[in-house]
Amino acid sequence: MLRGLDFFGTVVFAISGALVAARKSMDWMGFSILATVTGIGGGTLRDLLLGRPVFWIVHWEYIVICVVTALATFYLLRHVHRRLSWLLWADAVGLAAFSVLGVQIALTSGTSPFIAIIMGMMTAAFGGLIRDVLAGEPPLLLHREIYASAALIGGVVYVLLAVVLHQPIWALIVGFVAALIIRGLGIVYHWHLPAARAS
Amino acid sequence: MLRGLDFFGTVVFAISGALVAARKSMDWMGFSILATVTGIGGGTLRDLLLGRPVFWIVHWEYIVICVVTALATFYLLRHVHRRLSWLLWADAVGLAAFSVLGVQIALTSGTSPFIAIIMGMMTAAFGGLIRDVLAGEPPLLLHREIYASAALIGGVVYVLLAVVLHQPIWALIVGFVAALIIRGLGIVYHWHLPAARAS
Amino acid sequence: MLRGLDFFGTVVFAISGALVAARKSMDWMGFSILATVTGIGGGTLRDLLLGRPVFWIVHWEYIVICVVTALATFYLLRHVHRRLSWLLWADAVGLAAFSVLGVQIALTSGTSPFIAIIMGMMTAAFGGLIRDVLAGEPPLLLHREIYASAALIGGVVYVLLAVVLHQPIWALIVGFVAALIIRGLGIVYHWHLPAARAS
């Protein structure tokens, strides 16, 4: 189930990378690179910071998943409408999946629950962040809508259920759903946190 | 004293990140993320390159310091005027603190003095660099004013006093002050190195 | 010969970084930083991902090579015309050299040939990618012309000759030449892969 959620998160993030490549009129190599970087970026940073072997060097199927997803998106694109909204939702599902998985892997590596939640946020946010930086777009992560907060809440829910109540399976499910609902409400209602006024 | 200088550098870099978040009208989550990335970015890169455990995974108080600094900056902001000049000075103090600390930690890890000075420059410059890249601003590091040169001089002074004269405490103090003075003169007098003409 | 090709790749990538610094009218410190980041960036990412000691911490001469190259480019620049075309060719030679070297080093570290080819592409592409991101330019890697494809083909040729036919020397030479020809044809004829239409 863990592996399933992980593949699922990788695929949706890869789609989000490919959709940004489409907006920038890239070729299929650009699609593949941006999809792969988005799909594996967060987990790569997490593994480097935790001093673990980088996951996709052992499990090369993640790279294949990202490239196949990118090519499928490239060829199916003509049938897709309203792409920006698809991008936001693909990104939201990946965010929710990776926030709980990141916490889970960090706890397995022996970090404190606090640091594990931070690692979950990084795993969830970093792939989308490099996607946006490479594409020259203002990072979703930093602008206005409820984004990192959703990953934070997913991580806190995971820790409460897994560490405090010892329900690791429910922690994954409820944490994922909680993060997705928060981010989804943010997308639908354009929720945002109070911002500083520029001067 | 080391720990004190390190906390101090983290706080001022976190402030510089929060001030950039303010210029970009971010919400408090954006403030927290940009402050944290700026505050811990340089030390994180240094630890990854040196193969040491990443400092904030063990010492989680650095994350708390960055977030608290970000929130304090967010709520106190309405009383702050002339923010751009505050940003330059907060960045300068962080630069000076992290240039000597980076050299010191690299030497402890067994690198040569030359590589230690490079590590000091990276520790000092990388946090501000990702801050600028994420915010979509031209990096301070690369444009015109004496910036990296100040970190270089702080590192050289540290090595001269600590490695050659065996005065580690004076090395920290004099190196920090030297880097701060050079960068400060650069800010006040708009000093810059000769630049290439664009063609 | 390996070391020679590596120094050669570092020098040409450092030149490409310095030429971008020239276009952005940077001072000699900006030249040095952008040249160094471009010259050592790909190998640094490769070593971090493979869990090897970062090469330039042991072999500090790489840093010296980058800085000397940057300063030479800075002072010789007034005699250089048609700089953009020089930039593309310096970048192409570095790309070809690092794609085969990256594969070779990854195989030595025990990765599978598939992952080694990915590592070769990263080694070849990452230096130029951070160069472009730091300079605020759209990454060459992601836009239109045959770029990553050249590194991919260089890596595949290397693996065929070194792993399948056990000809490591010929693998280096033929892989390098193949990558350079592909990229060179891309530059000369403005070859590009079919791209998605923006909507």
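Residues numbered from 1 in each chain as written. Chains lettered and ligands numbered in written order. Predicted model: local features only at pLDDT ≥ 70, side-chain atom pairs only at ≥ 80, totals over all residues. Heavy atoms only, no water.

Secondary structure summary: chain A contains 8 helices and 0 strands in total. Along chain A, helices and strands appear, N-terminal first, in the series α-α-α-α-α-α-α-α. Its C-alpha radius of gyration of 16 Å places chain A within 12% of the 16 Å reference for a compact globule of 199 residues. Across its three principal directions, the C-alpha atoms of chain A cover 50 × 45 × 30 Å. With 199 residues in all, chain A has 60% of them scored as buried. (Helix = DSSP H or I, 4+ residues; strand = E, 2+ residues; numbered from the N terminus. Rg over C-alpha atoms; globule rule 2.2 N^0.38 Å. Buried < 20%, exposed > 50% of the residue type's maximum accessible area, 1.4 Å probe, protein only.)

Bringing the side chain of Q104(A) into the picture now. With respect to the secondary-structure elements, Q104(A) resides in helix α5 (residues 83-108). Overall, Q104(A) belongs to the buried group, its relative accessible area being 19%.

A separate point is the relation of the copies chain A and chain C. Laying chain A over chain C is done by rotating through 120° and shifting 0.0 Å along the axis; what remains is an RMSD of 0.0 Å. Such a combination of rotation and displacement between the chain copies is what one expects of a three-fold axis. Interface overlap between copies is the fraction of interface residues in one copy that are interface residues in the other; for chain A against chain C it is only 8%, indicating separate surfaces. (Least-squares fit on C-alpha atoms with pLDDT ≥ 70 in both. Contact = heavy atoms within 4.5 Å.)

Further remarks concern the pattern of salt bridges. For the coordinates displayed, the defined rule picks out 18 salt bridges over all chains. What emerges from the salt-bridge pattern is a single network uniting R23(A), K24(A) and E137(A). (Salt bridge = Lys/Arg side-chain N within 4 Å of Asp/Glu carboxyl O.)

Let us now look at the relation of the copies chain B and chain A. Take chain B, turn it by 120°, move it 0.0 Å along the axis, and it overlays chain A with an RMSD of 0.0 Å. A low fraction, 8%, of the interface residues of chain B reappear at the interface in chain A, so the copies pair through non-equivalent surfaces.

Now for the UniProt feature "domain: Glycine transporter" (unreviewed entry) in chain A. In the UniProt entry, the feature "domain: Glycine transporter" (unreviewed entry) is given for residues 5-76 and 88-161 of chain A. With 86% helix and 0% strand, residues 5-76 of chain A has its two end C-alpha atoms placed 24 Å apart. (UniProt positions renumbered as here; feature names shortened; annotations may be inferred.)

To continue, consider the interface of chain B and chain A. Across the contact, 24 residues belong to chain B and 27 residues belong to chain A. Here chain B meets chain A over a buried area of about 2,200 Å², counting both sides, of which 75% is carbon and sulfur. Our count for the contact surface shared by chain B and chain A stands at 0 salt bridges. Counting the contacts that link chain B with chain A gives 0 residue pairs in polar contact (both at pLDDT 80 or more). Of all the elements in the fold, those that place two or more residues in the side of chain B that touches chain A are α1 (2-23), α2 (28-50), α3 (55-58), α4 (61-76) and α6 (113-135) of chain B. Here the element with the most residues in the side of chain B that touches chain A is α2(B); it accounts for 8 residues. The residue makeup of the side of chain B that touches chain A, split by class, is 18 nonpolar, 3 polar and 3 charged. (Buried area = accessible area lost by both parts, 1.4 Å probe. Polar contact = N/O pair within 3.5 Å; in protein donor to acceptor, adjacent residues only side chain to side chain. Nonpolar A, V, L, I, M, F, W, Y, C, P; charged D, E, K, R; others polar.)

In this section: the packing of aromatic side chains. A full pass over the atoms with the stated rule returns 18 aromatic pairs over all chains. Seen from their ring centres, F74(C) and Y75(C) are 5.1 Å apart, and the 90° between their planes marks the pair as edge-to-face. An aromatic cluster of three or more residues is present, and its members are F7(A), F55(A) and Y62(A). (Phe/Tyr/Trp six-rings, centres within 6.5 Å; stacked < 30°, edge-to-face > 60°.)

Residues and elements named next belong to chain A. Taken together, the side chains of I169, W170, I173, V174, V177 and I181 present a nonpolar region at the surface, about 530 Å² in accessible area. Considering the arrangement of structural elements, one finds I169 in helix α8 (residues 168-189). Judged by its relative accessible area of 49%, I169 falls in the partly exposed class. (Patch = residues over 30% accessible without salt bridge, like charges linked within 9 Å, V, L, I, M, F, W, Y side chains within 5 Å. Areas by Shrake-Rupley, 256 points an atom, 1.4 Å probe, with all protein chains shown as cover.)

Another point: the UniProt feature "transmembrane region" (unreviewed entry) in chain A. Residue and element names in this part refer to chain A. The positions that UniProt labels "transmembrane region" (unreviewed entry) are, in the present scheme, residues 6-22, 29-45, 57-77, 84-107, 113-134, 146-163 and 169-191. With 100% helix and 0% strand, the stretch residues 29-45 has end C-alpha atoms that lie 23 Å from each other. Helix makes up 86% of residues 57-77 and strand 0%. Its end C-alpha atoms lie 30 Å apart.

So, about the interface of chain A and chain C. Across the contact, 24 residues belong to chain A and 27 residues belong to chain C. Between chain A and chain C, a total of about 2,100 Å² is buried, with carbon and sulfur atoms accounting for 75% of that surface. Summed over the shared surface of chain A and chain C, the result is 0 salt bridges. Applying the counting rule to chain A against chain C returns 0 residue pairs in polar contact (both at pLDDT 80 or more). At the level of secondary structure, the elements contributing two or more residues to the side of chain A that touches chain C comprise α1 (2-23), α2 (28-50), α3 (55-58), α4 (61-76) and α6 (113-135) of chain A. With 8 residues, α2(A) is the single largest residue contributor to the side of chain A that touches chain C. Of the residues contributing to the side of chain A that touches chain C, the split by class is 18 nonpolar, 3 polar and 3 charged.

Two measures define how a pair of helices packs: the angle their axes make with one another and the distance between the axes. All names here are of chain A. At a minimum axis separation of 8 Å, helix α7 (residues 148-164) and α8 run at an interaxial angle of 160°. Taken together, the axes of α7 and α8 are roughly antiparallel relative to one another. For the crossing formed where α7 meets α8, the hand is right-handed. Across from A150, I153, G154, V157, Y158, L161 and A162 in α7, the residues of α8 making contact are P168, W170, A171, L172, V174, G175, A178, A179, I182 and R183. Residues that form the contact of α7 with α8 fall into these classes: 14 nonpolar, 2 polar and 1 charged. (Axes fitted to C-alpha atoms, helices over the stretch in contact; angles between N-to-C directions. Parallel < 35°, antiparallel > 145°, perpendicular 65-115°, else oblique. Left-handed = near helix turned anticlockwise from the far one by under 90°.)

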